[in-house]
Amino acid sequence: MSTIPFSQAKLIELNCLEPVFFASRELSDTYYTEGVLGNYALTYALGWVNSPYRLQGQATGRPTYKEDFQAIASSCYILPASPIGRITFRFERFNALSDAYWYTMTNNRVATAREDLPLQRQGKKPSSFRASNFPQTGRLRMIERGNKFQTLVFGNQQLPDYIRLGKFASKVKVNVLKDLPITLLPEGEYKSQHYLNVADLPTQIEVFAFDLISIPPAPILKNLHFRGAAWQIGEMIVPAGLHYCGRENANE
């Protein structure tokens, strides 16, 4: 890439004022949050794009990241946020069982008298009731309050002082640490220490090695060793041409 689409970059710090939860991994009845803040979640939390709180109808069939990010992809970008120092977690148990007079555990949900008792009277077994993807009991591993993350923001978008992040809209403080120039480096071999979204990598680079954090909606890479053009931001190096859903768009 011969040009730099962004005029500047900001190094920001994200301070978790409340526990932050994402369902990064699900093992039995425990739901784990990995120690990383994905850049797609941060993009929505910063208010750059909007998404409906609840998806209905055909919108539930697939995510709409490409459509949501299309309008801002050429003007701004944010990297996944990496923890500052050692990250700490907390476990919490949740119980959302019904307080109805009658209920029974069925196919991954609680059947209550109001909606399911007629089915019971018809002789249908609880295991044949409509399944739901909303668990009623389990444990949550959450990022503990007080943890701090840092990331790079490209472009001139305004940054709020606070954002709401995660499944529970937890409060996070946004601190701008410094403004940094962006320098274009020629093609060569580089190592990037920052966290990177696999779906946003340019297709022109040659990847040699990396560490993988497997989380939805796209895996996160760290310690990436690659060949290609690069951007240098302060002492940090990332592949040139990072773009929302750039790799998937290139494959269309």
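Predicted model, so just to flag it, every value in this text is computed and none were measured.

Enquirer: What should I look at first to understand the environment of Leu 27 in this one?
Expert: Looking at the element boundaries, Leu 27 is found in strand β2 (residues 25-27). Note: C-alpha distance between Leu 27 and Arg 139 (112 residues apart in sequence) is 9.9 Å.

Enquirer: I keep staring at the side chain of Asp 68 and nothing clicks. Help me out?
Expert: You can see Asp 68 is positioned in helix α2 (residues 65-69). Of the residues examined, Asp 68 reaches a relative accessible area of 19% and is grouped as buried. A distance of 2.6 Å separates the side chain of Asp 68 from the side chain of Tyr 44, its partner in a polar contact. With sequence-adjacent residues up to four places away left out, Asp 68 is seen in contact with Tyr 44, Val 49, Asn 50 and Ser 51.

Enquirer: Looking at this structure, I do not really get the pattern of salt bridges. What am I missing?
Expert: Should the charged atoms of two oppositely charged side chains come close, the side chains can pair. Inspection of the entire model under this criterion finds five salt bridges. Ionic pairing is found between Glu 34 and Arg 25, a salt bridge with its closest N-O pair at 2.5 Å. Look at Glu 34 and you get buried, because its relative accessible area is 18%. The class for Arg 25 is partly exposed, based on a relative accessible area of 30%. A salt bridge links Glu 92 to Arg 90; the nearest nitrogen and oxygen atoms lie 3.2 Å apart.

Enquirer: I tried to follow the pairing of strand β1 (residues 9-16) on my own but got confused; where do I start?
Expert: If a strand is regular, its side chains alternate between the two faces of the sheet. Burial runs high along β1: eight of the eight residues are buried. For β1 and strand β12 (residues 170-180), the ladder comprises eight bridges, and the chain directions are antiparallel. Residue pairing for β12: Ala 9 is matched across the bridge by Leu 180. Where β1 and strand β10 (residues 148-155) come together, seven bridges link them in antiparallel fashion. Residue pairing in the sheet places Asn 15 in a bridge with Lys 148 of β10.

Enquirer: Teacher, can you tell me more about the packing of aromatic side chains here?
Expert: Taken as a whole and assessed by the stated rule, the structure comprises 16 aromatic pairs. On the numbers, 4.6 Å between centres and 40 degrees between planes, the contact of Phe 69 with Tyr 244 is tilted. Residue Phe 69 is located in helix α2, and its partner Tyr 244 is located in the loop between β17 (236-239) and α4 (246-250); the two are separated by 175 residues in the primary sequence. By the burial criterion, Phe 69 is buried, and Tyr 244 matches it. By the ring-pair criterion, three or more aromatic residues cluster together here, those being Phe 6, Tyr 40, Tyr 44, Tyr 65, Phe 69, Tyr 77, Phe 154, Trp 231 and Tyr 244. A cation over a ring is seen here: Arg 141 above Phe 89, with NZ or CZ 3.9 Å from the ring centre. The ring centre of Tyr 162 lies 4.6 Å from the NZ or CZ of Lys 171, which sits over that ring.

Enquirer: What am I meant to see in the nonpolar core here?
Expert: One recurring pattern in soluble globular proteins is that nonpolar side chains are buried together. Residues Leu 14, Leu 37, Trp 48, Phe 154, Trp 231, Ile 233 and Tyr 244 are the most contacted members of the largest nonpolar core, which totals 56 residues. The biggest single contributor to this core is strand β16 (residues 220-233), with seven residues. Those residues within four positions of Ile 233 in sequence are excluded, and the remaining contacts are Ala 9, Leu 152, Phe 154, Leu 180, Pro 181, Ile 182 and Val 238.

Cut-offs applied
Residues numbered from 1 in each chain as written. Predicted model: local features only at pLDDT ≥ 70, side-chain atom pairs only at ≥ 80, totals over all residues. Heavy atoms only, no water. Helix = DSSP H or I, 4+ residues; strand = E, 2+ residues; numbered from the N terminus. Buried < 20%, exposed > 50% of the residue type's maximum accessible area, 1.4 Å probe, protein only. Polar contact = N/O pair within 3.5 Å; in protein donor to acceptor, adjacent residues only side chain to side chain. Contact = heavy atoms within 4.5 Å. Salt bridge = Lys/Arg side-chain N within 4 Å of Asp/Glu carboxyl O. Pairing = 2+ DSSP bridges. Phe/Tyr/Trp six-rings, centres within 6.5 Å; stacked < 30°, edge-to-face > 60°. Lys NZ or Arg CZ within 6 Å of the ring centre and 35° of its normal. Core = buried A, V, L, I, M, F, W, Y, C linked by side-chain atoms within 4.5 Å.

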